[in-house]
Every structure is written in structure tokens, then in C-alpha cells.
Amino acid sequence: MTTVPRSPAAGLQGSRCSGCSAAAYPADDACSRCGGRAEPAGLKGAGTLWTWTVQRYAPKSPPYEAPPGGFEPFAVGYVELAEGVRVAAVLEVDDLDDIRIGMPMAVTAGQGVPRARPATEAEEGS
Ligand SMILES: [Zn+2]
């Protein structure tokens, strides 16, 4: 019997410029900072919450599909990764009242839209 972890390990596939070393997400062939060539690069997904808001009404459908239990308000925000990139993500938190700017977050690619959850202590130190 295998145990499925509640949250996948943090990490995203982005790119990094071979000229100025700027990271990007989503990945791009060209650097938006200097125009240099960028190569695929893994991003750790560790960062801090830069800003956020709560989506209190159902987004337009399609592409949004309400979950089986119906629409529930959810939080979205930008997480500033250690690599310097700000990534838009759905915030996976147990309680919307627990969200704070600057809180450590772990970002994963998710399905379509990146997902961010509060980082564990081990992830904060990585
Ligand atoms: Zn560059």
C-alpha cells in the first residue's frame, strides 16, 4: 500500500537566461530582461507571498468548471520565488483568514494554473 502525499513537492519548470541569468516562468526562449537566449531550467518553487486576493464569484465558464460541490471562494496571488520571478497561483490554504503577505509558500505547476500552499519548515530552509 502506498501513501499519496497531500501536497506534491514544490517546483516548476521555467527558464533561465544564458546571458544575464534572469529566471522566467512560464519558460521562454528569449529573456524578457536582456533579449538573450534562455534555456529550460527548474525553479525550486520556494518563495514568499507577494500579494493576494479572494475570488468571491465563479469565474466565467468555460474555461472554469465548478467543482462537484459547487463554487467556493478561493484565494489567488503572486508568489515571489527565490529566483526573483513572481508567479500567479491559486492559493491552497485551509482557512482564507490565515493568508498573510510575506508568508513562505511552496509553488507547484498544478493543472493549468500553478498552485501555492504554505511552505513546511523544511521547505523554508531549502
Ligand atoms: Zn537575460
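Enquirer: Explain the overall build of the protein chain here, please?
Expert: A count of helices and strands for the protein chain gives one helix and eight strands. Each helix (α) and strand (β) of the protein chain, taken in turn from the N terminus, gives the series β-β-β-β-β-β-β-β-α. Evaluated residue by residue, the protein chain yields a buried proportion of 26% over its 126 residues. Looking at the protein chain alone, contacts between residues at least 24 apart form 51% of all its contacts between residues at least 6 apart.

Enquirer: What's the story with the nonpolar core in this structure? I'm lost.
Expert: Burial of nonpolar side chains together is a common tendency in soluble globular proteins. By size, the foremost hydrophobic cluster in this structure holds 24 residues, and its most contacted members are Val79, Val87 and Val107. Counting residues per element, the ones that place at least two in this core are β1 (12-17), β2 (23-24), β3 (38-43), β4 (46-55), β5 (74-81), β6 (86-91) and β7 (104-108). Apart from the residues within four sequence positions on either side, Val87 is in contact with Leu12, Tyr25, Tyr78, Val79, Leu81, Val107 and Pro114.

Enquirer: Any chance you could explain the sheet that holds β5 here in plain terms?
Expert: Note on sheets: strands pair through backbone hydrogen bonds, and any given pair is parallel or antiparallel. With mixed pairing, five strands are arranged side by side around a closed barrel as β4-β5-β6-β8-β7. Across the sheet, the mean angle separating the axes of adjacent strands is 50° when strand polarity is ignored.

Enquirer: Help me understand the sheet that holds β2, please; the structure alone is not making it clear to me.
Expert: Pairing is antiparallel across the open sheet formed by three strands, whose spatial order is β2-β1-β3. The open sheet terminates on both sides in strands that have one partner only, identified here as β2 and β3. Judged from the two bridges that link them, β1 and β2 form a sheet pairing that is antiparallel. For Ser15, the partnering residue across the bridge sits in β2 and is Ala24.

Enquirer: What is the right way to read the pairing of β6 from this model?
Expert: Regular strands place their side chains on alternate faces of the sheet. As judged from the six bridges shared by β5 and β6, these two strands associate in the antiparallel manner. Paired with Ala75 across the bridge in β6 is Leu91. Here β5 folds back onto β6 in antiparallel fashion, the turn holding four residues, of which Gly84 has a positive phi close to 95°. Two elements, β6 and strand β8 (residues 115-118), share two bridges in a ladder whose sense is parallel. From the neighbouring strand, Leu91 faces β8, where its bridge partner is Ala116.

Basis of the calculations
- Residues numbered from 1 in each chain as written.
- Predicted model: local features only at pLDDT ≥ 70, side-chain atom pairs only at ≥ 80, totals over all residues.
- Helix = DSSP H or I, 4+ residues; strand = E, 2+ residues; numbered from the N terminus.
- Buried ≥ 20, exposed ≤ 12 C-beta atoms within 10 Å, placed from the backbone.
- Contact = placed C-beta atoms within 7 Å.
- Core = buried A, V, L, I, M, F, W, Y, C linked by C-beta atoms within 7 Å.
- Pairing = 2+ DSSP bridges.
- Axes fitted to C-alpha atoms, helices over the stretch in contact; angles between N-to-C directions.

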